[in-house]
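Chain by chain, the residues run as shown.
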Amino acid sequence: MRYLLEHLAVIFGAATGALAARGKGIDWFGVVVLGLVTAVGGGTLRDVVLDVPVFWVEDHSFLISGIVAVTLTIGMGRFLDPSSRVFLITDAIFLAFVAMVGTQKTFSLHHPGTICVLFGVVTGVAGGIFRDVLLGEIPLVFRPHINLYATAAFLGSLTYLAAATLWPGQPTNLVIGAAVTLILRLAAIRWKLRLPVFHTEEGVA
Amino acid sequence: MRYLLEHLAVIFGAATGALAARGKGIDWFGVVVLGLVTAVGGGTLRDVVLDVPVFWVEDHSFLISGIVAVTLTIGMGRFLDPSSRVFLITDAIFLAFVAMVGTQKTFSLHHPGTICVLFGVVTGVAGGIFRDVLLGEIPLVFRPHINLYATAAFLGSLTYLAAATLWPGQPTNLVIGAAVTLILRLAAIRWKLRLPVFHTEEGVA
Amino acid sequence: MRYLLEHLAVIFGAATGALAARGKGIDWFGVVVLGLVTAVGGGTLRDVVLDVPVFWVEDHSFLISGIVAVTLTIGMGRFLDPSSRVFLITDAIFLAFVAMVGTQKTFSLHHPGTICVLFGVVTGVAGGIFRDVLLGEIPLVFRPHINLYATAAFLGSLTYLAAATLWPGQPTNLVIGAAVTLILRLAAIRWKLRLPVFHTEEGVA
């Protein structure tokens, strides 16, 4: 189950990287590099910090998935909605999958709950952060008036942990956690839900 | 002593991250992520490169310190000087503490002096670099006309190494090194001391 | 041979970092930090992900090379062509050397071909990416209308792998691969060769 989810995370991550590169004059090879960095960046950070073998070095079928996803995205590029909606939905799916994989992998290494949830959030947001920083943009998670981004990953990770404690070893736990993240993020985009921001002297920024 | 200093470094680092996020419309959760990245970013890089267990994975009380510091900074936000002075002083304290922890940890792993000083500087500047890059700003250390930033960390690390060679095992060595970094950086801000910059054809930039 | 090439890569990388910093008002110490990050950044990422000791922690003569290269570049700064040509050529040499070292090191650790080529490309482009992101610029590899950047590293890595399979253990294999990367990149700059870009709705961006 985690294996499947990790492949799906890589595929959606690579697609968001390619979509973000669209219309910026980046050549095909640059788009592949950006897609792969987005897709495996968060997981690489997680594995390096946890000091376990990096997942795509051990099993390079993840790289193939990523490259295929970038190629398909480029191919479908001309048929996609030019608005940012496709990008935001793809990114939400990516966030949900990658946060669950991060939480579950850390949990299976017997780390305490705080660390598991933290790695869920970090793995979830890191790939997108790399993508946005490399394109010279403010990462989605730090963008003004973002609609429950890191928060959605956090609550999804927490839900997974609760489920995994109640029903150990059930593969559906990952599905529940991913669903919580995805529904929260999509609902937040749809109805513009947000957390309060850090006040300035002049009031809310 | 290093344990205490590392906690203080995390606290001041998280505070600078939160202060830097102020007024940018970033939601509370994003501010926590940014504060933690600033606080533990440099130390994470250090531990990963030195191939030792990452400090906050081993002992997650550091994360609690960071989250508490971000929360307090948000809470105190409305009472703080809106100018950048509070930010620069907090950042100077963070620089001093984190550079000392970096130097001392590398030294205690029996690496040669060059590497110890380098890790002092790298750990010192890396957290702030992550913070600034994530907000789409030029990192303090590379900002035009910066007043002795990496230089202060370098001289403080060097001082610590000299002290640790003269008086091995004295916890006050860390205090001396941190004081040198902090005083140099604060004096440089106060009197606008700076190193020469890299010339351009048109003269000094 | 790899040892020599790695030193040369560090030297040219440090020089590109210093050149990129020119005229931006960054102080000497900041330029040294930027040069070192550029020079060793890609290799550090490679070694951390492959979970082998980081090359400059094991042998700090690489750091000395980098610092000397930055110092010489600063010293020669006033005699250099103020245009960007010197920078692009230095960067092309750096790309060629560092891509070969990355491919060969991964190959010597008995990783499969996909991973070797990937590490060639990643090590090749990562140092330059760090340099450009830290200065708040779009990395060369993602710049609109870039002339065969990641592509040149990719084809050079592939050439090296082919050569290393045909004539195992020949040090000239690295020279052949580096030459392919360098000639491709320089030819692409000279004749403005490029790959297609990712289409937008309005046609080619």
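Look a little higher up for the structure.
Let me begin by describing the structure that accompanies this report. Because the structure is a prediction, the values reported are computed rather than measured.

Let's shift gears to the overall build of chain A. The helix and strand inventory of chain A stands at eight helices and zero strands. The C-alpha atoms of chain A give 17 Å as radius of gyration, which agrees with the globular expectation for 205 residues (17 Å, within 12%). Relative to its 205 residues, chain A shows a buried fraction of 58%. Within chain A, residue pairs in contact and separated by at least 24 positions form 76% of the contacts whose partners lie at least 6 positions apart. Here chain A has roughly 7900 Å² of accessible surface; of this, 71% comes from carbon and sulfur atoms. Separation between the mean location of the 13 positive side-chain charges and that of the 12 negative ones in chain A comes to 10 Å.

Turning our eyes to something else, we now look at the packing of aromatic side chains. Enumeration according to the criterion identifies 18 aromatic pairs over all chains in this entry. Each ring, one from Trp 56 of chain A and one from Phe 119 of chain C, has its centre 5.6 Å from the other, and the planes form 25°; the classification is stacked. One end of the pair, Trp 56 of chain A, is in helix H3 (residues 55-58); the other, Phe 119 of chain C, is in helix H6 (residues 113-134), on a second chain. Exposure remark for Phe 119 of chain C: the relative accessible area of 2% places this residue in the buried category. Pairwise contacts between aromatic rings join Tyr 3, Phe 55 and Phe 62 of chain A into one cluster.

Time to look at the relation of the copies chain B and chain C. Each of the two chain copies can be generated from the other by rotation about an axis followed by a shift along it. Of the two same-sequence chains, chain B is brought onto chain C (RMSD 0.0 Å, axial shift 0.0 Å) by a rotation of 120°. Accordingly, the operation relating the two chain copies is best matched by a three-fold axis. Residue by residue, only 9% of the interface of chain B is reproduced at the interface of chain C, so the copies engage with different surfaces.

Turning our attention to the interface of chain A and chain C. Taken residue by residue, the interface counts 33 residues in chain A and 33 residues in chain C. Together, Asp 27, Phe 29 and Leu 134 of chain A form the three largest contributors to the area buried by chain A at its contact with chain C, with a combined 22%. The interface formed by chain A and chain C holds zero salt bridges in total. Summed over the shared surface of chain A and chain C, the number is one residue pair in polar contact (both at pLDDT 80 or more). Looking at the side of chain A that touches chain C, the elements that each hand over two or more residues are helix H1 (2-21), helix H2 (28-50), H3, helix H4 (61-76) and helix H6 (113-134) of chain A. Sort the elements by how many residues they give to the side of chain A that touches chain C and H2 of chain A lands first, with nine residues. In terms of residue class, the side of chain A that touches chain C is built from 20 nonpolar, eight polar and five charged.

The subject of this paragraph is the relation of the copies chain A and chain C. Placing chain A over chain C gives an RMSD of 0.0 Å and needs a rotation angle of 120°, together with 0.0 Å of translation along the axis. With a heterologous cut-off of 20% or less, the 9% of interface residues of chain A that recur at the interface of chain C puts this contact in the heterologous class.

This paragraph deals with the interface of chain B and chain C. The partner chain C presents 33 residues to the 33 residues of chain B that form the contact. If you look at where chain B meets chain C, you find zero salt bridges. Our count for the contact surface shared by chain B and chain C stands at one residue pair in polar contact (both at pLDDT 80 or more). At seven residues, helix H6 (residues 113-134) of chain B tops the list of elements feeding residues into the side of chain B that touches chain C. Its residues assigned to classes, the side of chain B that touches chain C shows 24 nonpolar, six polar and three charged.

The residue Gln 104 of chain C is located in helix H5 (residues 85-108) in this model. In this view, Gln 104 of chain C contacts Arg 2, Tyr 160 and Leu 174 of chain C; residues no more than four positions away in its chain are not counted.

Residues and elements named next belong to chain C. Along the polypeptide, Thr 73 turns up in helix H4 (residues 61-76). Taking the relative accessible area as the measure of exposure, Thr 73 reaches 5% and is therefore buried. Each C-alpha atom of the pair Thr 73 and Thr 16 lies 8.8 Å from the other, and the pair is 57 residues apart in sequence.

Turning to a nonpolar patch on the surface, a few remarks are in order. All names here are of chain A. Taken together, Ile 64, Val 68, Leu 72, Met 76 and Phe 79 make up a surface patch of nonpolar side chains, about 530 Å² in accessible area. Of note, Phe 79 is situated in the loop between H4 and helix H5 (85-108). In this structure Phe 79 comes out as exposed when scored by relative accessible area, which is 69%.

Cut-offs applied
- Residues numbered from 1 in each chain as written.
- Chains lettered and ligands numbered in written order.
- Predicted model: local features only at pLDDT ≥ 70, side-chain atom pairs only at ≥ 80, totals over all residues.
- Heavy atoms only, no water.
- Helix = DSSP H or I, 4+ residues; strand = E, 2+ residues; numbered from the N terminus.
- Rg over C-alpha atoms; globule rule 2.2 N^0.38 Å.
- Buried < 20%, exposed > 50% of the residue type's maximum accessible area, 1.4 Å probe, protein only.
- Contact = heavy atoms within 4.5 Å.
- Areas by Shrake-Rupley, 256 points an atom, 1.4 Å probe, with all protein chains shown as cover.
- Lys, Arg positive; Asp, Glu negative; His and termini not counted.
- Charge placed at Lys NZ, Arg CZ, Asp CG, Glu CD.
- Phe/Tyr/Trp six-rings, centres within 6.5 Å; stacked < 30°, edge-to-face > 60°.
- Least-squares fit on C-alpha atoms with pLDDT ≥ 70 in both.
- Buried area = accessible area lost by both parts, 1.4 Å probe.
- Salt bridge = Lys/Arg side-chain N within 4 Å of Asp/Glu carboxyl O.
- Polar contact = N/O pair within 3.5 Å; in protein donor to acceptor, adjacent residues only side chain to side chain.
- Nonpolar A, V, L, I, M, F, W, Y, C, P; charged D, E, K, R; others polar.
- Patch = residues over 30% accessible without salt bridge, like charges linked within 9 Å, V, L, I, M, F, W, Y side chains within 5 Å.

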